[in-house]
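Listed below, chain by chain, are the residues.
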Amino acid sequence: MLSERRLEVLRAIVQDYVGTEEPVGSKALTERHSLGVSPATVRNDMAALEDEGFIAQPHTSAGRIPTDKGYRLFVDKLAGVKPMTLPERRAIQNFLDGAVDLDDVVGRTVRLLAQLTRQVAVVQYPSLTRSTVRHVELLALAPARLMLVLITDTGRVEQRMIDCPAPFGESSLADLRARLNSRVAGRRFADVPQLVQDLPEAFENEDRGTVTTVLSTLLETLVEETEERLMIGGTANLTRFGHDFPLTIRPVLEALEEQVVLLKLLGEATDSGMTVRIGHENAHEGLNSTSVVSVGYGSGGEAVAKLGVVGPTRMDYPGTMGAVRAVARYVGQILAES
């Protein structure tokens, strides 16, 4: 275990390196921070931190920089989450409140996160596998042609055309709509097949074929839409950090183009807590020089998807964690109200 003083020295090194982009020396530390000890003592502390792998000497200059292990200790033990100011929170709310549908919510969230953190923002669309049915609408387009509209609790809307085996009357349609919603509204997608399996038996023989066709279309829609989708923005922000990537920025950009990699990066949506992955903790080799800060979002306290940012390991962790958490909270509120 590191002593309190050495933890303070590590905190000061991380803060200075993130702020100045320059390796940090003992003299600068004692001048900028009230550590209460001499430069010689700080030098000894830095030597101990280096021996234990928390800081490293990038070249023969006198300064030191944090390693992945040093940043990890900083995030776990030393970095609080920096809260957003009231004007910042108001700006987030006003920007997101203007969204007209789910695509717009996700698009605005990506732009907002990229602007707030000046890093790459990644937002996962709410997963239908974790969604519930808000409403099923059935509309008659012709005597034997219907439109099914599925609306989820996260604001997703799916439409399907249905060709019926026989004409379907308006009263039968109203009856099916009412019975269907009484069974599935507010229920999880996974529960729907069992809830509707005996529904055709409630109808006259001549209508059962159409009812069965409608239910098949509904169940197909639920299965089809489980594919995960993402939106990414702010990739150009990485060019500001060119010197933070050891050789070239290309491996990072290539990794960000792979949706599977990004989904793994964000982690399981069911885990709604804040996750910070630093440097080599990221399994994908192209992202070994980056850190990923992600958190779950959703309505009613349950995460339906993740959002987060990707940037260099030399990151303002408290500020980034604060921005990611605040945006996730507002997106959750919008989903709950929509």
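Residues numbered from 1 in each chain as written. Predicted model: local features only at pLDDT ≥ 70, side-chain atom pairs only at ≥ 80, totals over all residues. Heavy atoms only, no water.

### What to know about the nonpolar core
Counting 59 residues, the largest nonpolar core has Leu 29, Leu 307 and Tyr 317 as its most contacted members. If sequence neighbours within four positions are ignored, Tyr 317 has contacts with Tyr 71, Phe 74, Val 75, Val 276, Ile 278 and Ser 291. Counting 23 residues, the second-largest nonpolar core is a separate cluster that includes Val 136, Leu 148, Leu 180 and Val 192. (Core = buried A, V, L, I, M, F, W, Y, C linked by side-chain atoms within 4.5 Å. Buried < 20%, exposed > 50% of the residue type's maximum accessible area, 1.4 Å probe, protein only. Contact = heavy atoms within 4.5 Å.)

### Structural notes on the sheet that holds strand β8 (residues 275-278)
With antiparallel pairing, five strands are arranged side by side in an open sheet as β7-β3-β10-β9-β8. Only two strands of the sheet have a single partner each, and these edge strands are β7 (230-233) and β8. Shown here is a sheet whose adjacent strand axes are inclined to one another by a mean of 15°, direction ignored. Strand direction decides the pairing type here: strand β3 (residues 120-124) and β7, joined by four bridges, are antiparallel. (Pairing = 2+ DSSP bridges. Helix = DSSP H or I, 4+ residues; strand = E, 2+ residues; numbered from the N terminus. Axes fitted to C-alpha atoms, helices over the stretch in contact; angles between N-to-C directions.)

### Remarks on unusual backbone geometry
For Glu 21, which is not glycine, the phi torsion reads 65° and is therefore positive. Mapped onto the elements of the fold, Glu 21 is located in the loop between α1 (4-20) and α2 (26-32). The exposure class of Glu 21 is partly exposed, given its relative accessible area of 37%. The phi angle at Arg 118 is positive, at roughly 55°, despite the residue not being glycine.

### Overview of the sheet that holds strand β4 (residues 133-142)
Reading across from one edge, β4-β5-β6 is the order of the three strands in this open sheet, with antiparallel pairing throughout. Strands at the two margins of the open sheet, each flanked by one partner only, are β4 and β6 (157-163). Adjacent strand axes in the sheet meet at a mean angle of 20° when their direction is disregarded. Judged from the seven bridges that link them, strand β5 (residues 145-152) and β6 form a sheet pairing that is antiparallel. In the sheet register, Met 147 faces β6, and the bridge partner there is Met 161. Sitting on the sheet, helix α7 (residues 170-184) touches β4 and β5, and the angle it makes with β4 is about 165°.

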